[in-house]
Amino acid sequence: MNVSLTNLEACLALLAAWGGIGLAGMLRPRSLRFAGRTLFPLGALCGIAIAVGAAMHLGAPPESAVLPFGLPGMPFHVRLDALSSVFLFLLGSVSAAISVFSAGYFRQGEGTMPGLLCLEYHAFLASMGLVLLADDAYSFMVAWETMALSSYFLVTTQHRIPEIRAAGFLYLLIAHIGALAILLSFGVLQGGTWQFTFDAMRAAHLDPAWASVAFCLALFGFGAKAGLVPLHVWLPEAHPAAPSPVSALMSGVMLKTAVYGVLRVTFDLLGTQQWWWGLVALGIGLLSAFYGVIFAAVQIDMKRLLAWSSIENIGIVFTGVGLTIVFKGAGLVQLAALALIATLYHCLNHAYMKSLLFLGTGSVLHATGERNLGRLGGLIHSMPWVAWLTLIGALAIAGLPPLNGFVSEWLLLQAFLFAGDIPHTFVNMLLPVGAAVVALCTALAGYVMVKFYGVIFLGQRREAALSSAKDAGVSERLGMGVLALGCLVLGLVPSQVIRLLDAAARELLQIPEGHWGAQWWLLAPSATRHASYGPLALFALLLLTLLLAAYGVRLLYRRRVRRSAPWDCGFAAMDARMQDTAEGFGQPIRHIFEPFFLMTRELPGAHDQHPVYRVTVGDRIWRLLYLPLARATHATANLVAHLQQGRISTYLTYSFVTLLLLLAFVL
Amino acid sequence: MTPLSAATQLLEVVSATLAAPIFLGWVNQCRAWLQNRTAPSVLQPYYGLRKLLHKDAVLAENASPLFRAAPYVVFGTMVVAAAIIPSMGTGLPMSAAADGIALVGLLATARVFLSLAAMDVGTAFGSLGARREMMVGFLAEPALLMILFVAALISGTTSLPLIAEGLSSHALGLYPSLAFTAVAFVLVLLAENARIPIDNPSTHLELTMIHEAMLLEYSARHLALMEWAAALKLFNYACIGFALFVPWGAGNEAAGPLGLLLAVPLLALKLIVAGAVLALIETLSAKLRVFRAPEFLATAFLLAVLGLLVHLLLGA
Amino acid sequence: MNPLPLDMQLLNACAALLLLLSFSMLAQRRTVNLVHLLALQGALLVVATLIVAWRTGEAHLYLSALLTLALKVFGLPFLLHRLIRRMNVYWDTEPVINPSATMLIGLLVVVFSFGLAQPISALASTATRSTLGIAIAVILLSFLAMITRRKAMSQVVAFLSMENGLFFGAMSATYGMPMVVELGVALDVLVAMLVLGVFFFQIREQFDSLDLCHLETLKERE
């Protein structure tokens, strides 16, 4: 029998397999061995298969299908097009690496049972896959909510700790407010046809005002999931609370589903875009990028630092989205394609680099039990594998050539740079300022990463216990290694990656074929005359000079190397507490960007026997936006509470009056 | 790749690497003259390098492999940067692989490795220097990028040799936007090369220094490479300045080998003048407090952005 | 790539330098240097006026240039320097907002005024129209400088620089104001300067300082 599966069917089958693996975990819920040795590796295999299937589908025409389940009259519609494929590839490949890592990561006795954890984990993966494949509002929302719920349970794995429960609750709350906005956006998008398939939405013609409402709702809803400022508050709470592989998955993959949602709604479901939407997205993106990176620079918890850095990167992604909309609205389709490719590229990059860093923190956390940067240090000696692999991620996210973070930065800056001829004067003037902000954020990301890496892995051990830290196990190394390799590959052969992304960009922006990609040995957006970037050659030359320098020095002077105590300007009594702390490293940023932070300082007095200096940095947005909102909610709830009397006859009166009113209204 | 361009490329890399210390020596000599001191020889940096290369290297007990690798990486990055900056000729094959944005990225790579290495031993001064270096860097890097952007917008490309060619081809064009960027560039150059208003290359007063603080734990060949890299960085910055603001005279394909030969003395002349001016600026200004450094660099950054805006307004 | 004739390029360069000077004024902390910058701004105005005069052949612009030279390059700075010497106010105190933030606001002001000027200059028929945006920016930046200074002396310098901006704006939009108006304005500025000089002495008599925050105590009710 000849069984030929279409790519879509294969992907669906693999998603179902993920679900099956998750359920299998419940067979032996307490067995760590079964989940770790069997189920997680199987899940990784599924992930690889999905990535391969999605990559093969790129460039092929969309496939769609109707699944035989769902509500009566509302079956699940699914569709696999180029945009879905890009994000499915991201999901599959990154989750495969994370699953391999997870196989060796989870320990007994950490909150949730391993089998249940396995179920939640794979349900999370499968629901993210379904979000990417959904082709009607109903199935999209079902998948979206499953994703939110399963990730909520994953965040609260260690549910006995009150802070983690609080973080989970905050996450769930904002996720649901976001979901509500998305639902409303779909409600607007159907445009009076009451057909909730995406096909119907594509066909529906909205007038500009309603289209704008739909866009804003979608931006709000997906922005809440992505962690855009000012809806970002859950992110720095939830990421540190979750186990590291889950943080990696949430930051690396789940945030990208929100980007996918925005792209899907804006370019696919809404046929025409207005250029000012782009300005909104651009402004929010730049704000998030800047806000995220300066807060990342002052964090002292390593996972919180990475969470803020995720906000920064999502901000950059949305900057790209905004730029794409502006270009598309102004009719500059080639530039729009460039900006969209930069956006997609950055999504891919961030998925790899941030997952790698989160996994690195996971290994550090397991080896030392510490998340506080003030108690780490010098781990490069005891955990060389983790240290060197994390270094790749840190350099990549700092946007340094020839790694991958630089490629998307390069593409985005090129898009900004050659934006010159937009017919709107103010936009023309604002774009260079935007480019400057992006440049500033990238440079600040370098600052953040030097702090992150330097304080955790370099220097002296700040606690004596750190010397006994054990390096990560084989599967953890393997998972991180795959991601590090991904960072390298994405950095070194960008033109090959872009050839794939280009298909998605063309399909989404409806640009006819042939305008792009005349020559692909170099990365050259419009023409090599204008700008080009060839990381392979650059890397080769760098290696060559490095080796030549090393060889030359060795050849000329074969002197020995002696080890002695650090010199430190002849200061003899040096100890680990004298090196710069995480707080200290953030001091210039606190000083320069002081108005953005809510700082409380505790300074020692002149005669303190045990002087304490402490500074905490808070988020002003909490105080300005969320606390008033919470107070208002509370006050409203108190008002409503007057209704509650506890006497049955009062309640019956309420019902009676309601009944009377309704009858009067109806008749 | 024609033989000529390959020759230009090779000549540039080798001569930049070899001649960088002499430029530093020249700046130091000018400074000494201006300060009424007996000037050291122009070749003093070479003597220093030779001395360092002859010594036994002393490493701190807890120095990691990163610490030993960093000098090579920093040095290598600077050499690669020299390969893509047009100093003598504009026909550089390597410049297709790395444009102005990549150049900024390369310089950032060097900075990050230098700072990481400074944090590696875990001394108070090293990490202090690393923190300050990154503080200077996060403002100087976008400023440099914006400066390159202005030139890129004028000439319609981000490739440095093409920028230099484009700017030199209309010799009488006045670009007001370049006036802004020129000021910004001088500020960035001073800050990035640890020159006086921000840092003092000749000080060893611990609390005021940035660059030297990061090198405290290095010795012998590692220190030599770091110092060589610093000299090369100064040379590179000078050449970026020439490419953007005085691009005339760099040999191109059309000028042939003769143009390349002519470009060598011209570059020397430019370097002599630039070195003297740099020494003058340093002598005339006083070192800023570290807290003032962000203001100084923010000024550079804003001026560069302003240049971009002026370009958009005036079209030049 | 740069099709403008040389004189127009020169004019654009003057305009850009004017803007640069305005920014330097925002960043400058010393009052003496502020006056130097003001004189330099005046000199640039003279050059710009001469270029426009040469290009358009309007005779009154030569006169206007001469007037500017006398008043703005020599007259007012001389008066200001004398005031500074006599009142010994070489330094300004810390400005109200820190200089980096001021310059950032300044940048946004520039974006705003460039965006504002582009539609207007598209309507104007003069060859100098592209510099209109810069003129508006100079005016607004001087305004900003007045806001961020505490000392009366620096505020006056900023005020004069604003007048320079207005003058430049008039020239870019309509090749200068009519001679009568120009003479009147010049006279006004001179008189204003003299009156302000008197005020300075009065303020200092009263409060022993030129810091304007002392004026806050003059209000009637707390």
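Values in this document were obtained by computation on a predicted structure and should not be read as measured data.

## Remarks on the overall build of chain A
Scanning chain A from terminus to terminus reveals 23 helices and five strands. In terms of overall dimensions, chain A is globule-like: its C-alpha atoms have a radius of gyration of 26 Å, near the 26 Å expected for 667 residues. Projected onto its principal axes, the C-alpha coordinates of chain A cover approximately 100 × 70 × 65 Å. Partitioning the contacts of chain A with sequence separation of at least 6, the portion at a separation of at least 24 is 79%.

## Section: the overall build of chain C
Scanning chain C from terminus to terminus reveals seven helices and zero strands. Shown N-terminal to C-terminal, the secondary structure of chain C runs as helices and strands in the order α-α-α-α-α-α-α. Counting the 222 residues in chain C, one finds 52% classified as buried. A sequence separation of at least 24 residues applies to 76% of the contacts in chain C between residues at least 6 apart. About 10300 Å² of surface is accessible on chain C, with carbon and sulfur atoms providing 68% of the total.

## A look at the domain arrangement of chain A
By the assigned domains, chain A splits into domain 1 (334–547) and domain 2 (619–667). Its C-alpha centre places domain 1 of chain A at a distance of 50 Å from the equivalent point of domain 2 of chain A.

## A look at the packing of aromatic side chains
Residues and elements named next belong to chain A. One pass over the structure, following the stated rule, counts 38 aromatic pairs over all chains. Where Phe40 meets Tyr121, the ring centres are 4.9 Å apart and the plane angle is 65°; that geometry is what we call edge-to-face. Pair noted here: Phe40 is in helix H2 (residues 32–57) and Tyr121 is in helix H4 (residues 114–133), with a separation of 81 residues, a long-range link. Across this residue pair, the class does not change: Phe40 and Tyr121 are buried.

## Some thoughts on the packing of helix H15 (residues 384–397) of chain A against helix H17 (residues 425–457) of chain A
To describe two helices that pack against each other, one gives the angle between their axes and the distance between the axes. Residues and elements named next belong to chain A. Closest axis-to-axis distance for the H15/H17 pair is 9 Å, and the angle between their directions is 170°. In terms of their interaxial angle, H15 and H17 are classed as roughly antiparallel. Facing H15, whose interface residues are Val386, Ala387, Trp388, Thr390, Leu391, Ala394 and Ile397, H17 presents Ala445, Met449, Phe452, Tyr453 and Phe457. Here the residues of the contact of H15 with H17 sort into eleven nonpolar, one polar and no charged.

## What about the interface of chain B and chain C?
Between chain B and chain C, the contact holds 25 residues from the first and 27 residues from the second. When the two sides are added together, the surface that chain B and chain C hide from each other amounts to roughly 2200 Å², 75% of it contributed by carbon and sulfur. Inspection of the region where chain B meets chain C yields zero salt bridges. Linking chain B to chain C there are zero residue pairs in polar contact (both at pLDDT 80 or more). At twelve residues, helix H11 (residues 293–314) of chain B tops the list of elements feeding residues into the side of chain B that touches chain C.

## Observations concerning a nonpolar patch on the surface
A grouping of Leu42, Leu45, Ile48, Val52 and Met56 of chain A is seen on the molecular surface, where their side chains present a nonpolar patch of about 480 Å² in accessible area. For Met56 of chain A, the position within the fold is in helix H2.

## As for the packing of H11 of chain B against helix H4 (residues 99–123) of chain C
Two elements in contact, H11 of chain B and H4 of chain C, have axes whose closest approach is 10 Å; the angle formed by their N-to-C orientations is 5°. In terms of orientation, H11 of chain B and H4 of chain C fall into the roughly parallel class. Residue-level inspection shows Glu295, Ala298, Thr299, Leu302, Val305, Leu306, Leu309, Val310, Leu312 and Leu313 of chain B of H11 of chain B in contact with H4 of chain C, the latter providing Pro99, Ser100, Met103, Leu104, Leu107, Val110, Val111, Phe114 and Gln118 of chain C. Per-class residue counts for the contact of H11 of chain B with H4 of chain C are 15 nonpolar, three polar and one charged.

## Things to note about unusual backbone geometry
Of note, the bond from Val229 of chain A into Pro230 of chain A is cis; its omega dihedral lies within 30 degrees of zero at 5°. The omega angle of the peptide bond from Pro401 of chain A to Pro402 of chain A is 5°, so this bond is cis rather than trans. Relative to the assigned elements, Pro402 of chain A resides in the loop between H15 and helix H16 (404–417). In this model, Gln510 of chain A sits at a positive phi of 55°, which is unusual for a non-glycine residue. For Asn36 of chain B, which is not glycine, the phi torsion reads 60° and is therefore positive. Tracing the backbone shows Asn36 of chain B in the loop between helix H1 (3–34) and helix H2 (44–53). The exposed category is assigned to Asn36 of chain B, whose relative accessible area is 74%.

## Focus: the interface of chain B and chain A
Listed as interface residues are 79 residues of chain B and, on the opposing side, 73 residues of chain A. Here chain B meets chain A over a buried area of about 6900 Å², counting both sides, of which 71% is carbon and sulfur. If you sort the residues of chain B by the area they bury against chain A, Met119, Arg131 and Phe138 of chain B come out on top, with a joint share of 10%. If you look at where chain B meets chain A, you find two salt bridges. With its nearest N and O atoms 2.8 Å apart, the salt bridge here joins Asp580 of chain A to Arg131 of chain B. Of all the elements in the fold, those that place two or more residues in the side of chain B that touches chain A are H2, strand E1 (57–60), helix H3 (65–84), helix H4 (100–120), helix H5 (124–155), helix H9 (220–245) and H11 of chain B. For the side of chain B that touches chain A, the leading source of residues is H5 of chain B, giving 17 residues. Of the residues belonging to the side of chain B that touches chain A, the class tally is 52 nonpolar, 15 polar and twelve charged. The sheet contact formed by strand E3 (residues 561–564) of chain A and E1 of chain B spans four bridges and is parallel.

## Structural notes on the side chain of Thr197 of chain A
All names here are of chain A. Examined against the element boundaries, Thr197 turns out to sit in the loop between helix H6 (162–189) and helix H7 (198–203). Judged by its relative accessible area of 17%, Thr197 is buried. Beyond its immediate chain neighbours, meaning those up to four positions away, Thr197 contacts His77, Asp135 and Asp136.

## Some thoughts on H3 of chain B
One turn of the α-helix equals 3.6 residues, which is why residues spaced by three or four share an orientation. For H3 of chain B, built from 20 residues, the straight-helix expectation of 28 Å at 1.5 Å per residue is met to within 8% by its first-to-last C-alpha distance of 29 Å. Across the 20 residues that make up H3 of chain B, a large majority, 17, are buried.

## Comments concerning the nonpolar core
Within the largest apolar cluster, 414 residues are counted, with the highest numbers of intra-cluster contacts made by Phe140 and Phe186 of chain A together with Leu19 of chain C. The biggest single contributor to this core is H17 of chain A, with 22 residues. Apart from the residues lying within four places of it in its own chain, the contact partners of Leu19 of chain C are Phe180, Leu306 and Val310 of chain B together with Val110, Phe114, Ile134, Ala137, Val138 and Leu141 of chain C.

## Points about the pattern of salt bridges
All names here are of chain B. Counted by the stated rule, this structure contains 20 salt bridges over all chains. Residue Glu141 is joined to Arg111 by a salt bridge in which the shortest nitrogen-to-oxygen separation is 3.1 Å. Here the residue Glu141 occupies a position in helix H5, and Arg111 occupies one in helix H4, the gap between them amounting to 30 residues. Side by side, Glu141 and Arg111 carry an identical accessibility label, which is buried.

## Description of the environment of Ala398 of chain A
All names here are of chain A. Position of Ala398 relative to the elements: it lies in the loop between H15 and H16. Taking relative accessible area as the criterion, Ala398 reaches 6% and is therefore assigned buried. Along the backbone, Ala398 and Met353 are 45 residues apart, and their C-alpha atoms lie at a distance of 9.9 Å.

## Notes on the environment of Pro77 of chain C
Examined against the element boundaries, Pro77 of chain C turns out to sit in helix H3 (residues 59–87). Along the chain, Pro77 of chain C and Leu38 of chain C lie 39 residues apart, while their C-alpha atoms are 7.4 Å from each other.

## A few points about the environment of Val450 of chain A
Residue and element names in this part refer to chain A. Along the chain, Val450 falls in helix H17. On the basis of relative accessible area, Val450 is assigned to the buried category, the value being 1%. Taking the C-alpha atoms as reference points, Val450 and Leu395, 55 residues apart in sequence, are found 8.6 Å from one another.

## What about the confidence of the model for chain C?
Confidence along chain C averages 79 in pLDDT terms, with 82% of residues attaining 70 or more. Taking the mean pLDDT of every element in chain C, the minimum, 71, falls on helix H7 (residues 179–207) of chain C and the maximum, 88, on helix H2 (residues 31–56) of chain C.

## Overview of the side chain of Thr158 of chain B
Along the chain, Thr158 of chain B falls in the loop between H5 and helix H6 (160–169). Side chain to side chain, Thr158 of chain B and Gln414 of chain A meet in a polar contact 3.2 Å long. Among all residues touching Thr158 of chain B, those that are not within four sequence positions of it are Gln414, Leu417, Phe418, His530 and Ala531 of chain A together with Asp99, Gly100, Ile101, Ala152 and Ile163 of chain B.

Thresholds, definitions, all that
Residues numbered from 1 in each chain as written. Chains lettered and ligands numbered in written order. Predicted model: local features only at pLDDT ≥ 70, side-chain atom pairs only at ≥ 80, totals over all residues. Heavy atoms only, no water. Helix = DSSP H or I, 4+ residues; strand = E, 2+ residues; numbered from the N terminus. Rg over C-alpha atoms; globule rule 2.2 N^0.38 Å. Contact = heavy atoms within 4.5 Å. Buried < 20%, exposed > 50% of the residue type's maximum accessible area, 1.4 Å probe, protein only. Areas by Shrake-Rupley, 256 points an atom, 1.4 Å probe, with all protein chains shown as cover. Domains from an automatic or database assignment. Phe/Tyr/Trp six-rings, centres within 6.5 Å; stacked < 30°, edge-to-face > 60°. Axes fitted to C-alpha atoms, helices over the stretch in contact; angles between N-to-C directions. Parallel < 35°, antiparallel > 145°, perpendicular 65-115°, else oblique. Nonpolar A, V, L, I, M, F, W, Y, C, P; charged D, E, K, R; others polar. Buried area = accessible area lost by both parts, 1.4 Å probe. Salt bridge = Lys/Arg side-chain N within 4 Å of Asp/Glu carboxyl O. Polar contact = N/O pair within 3.5 Å; in protein donor to acceptor, adjacent residues only side chain to side chain. Patch = residues over 30% accessible without salt bridge, like charges linked within 9 Å, V, L, I, M, F, W, Y side chains within 5 Å. Pairing = 2+ DSSP bridges. Expected span 1.5 Å × (residues − 1). Core = buried A, V, L, I, M, F, W, Y, C linked by side-chain atoms within 4.5 Å. pLDDT = per-residue confidence, 0-100.

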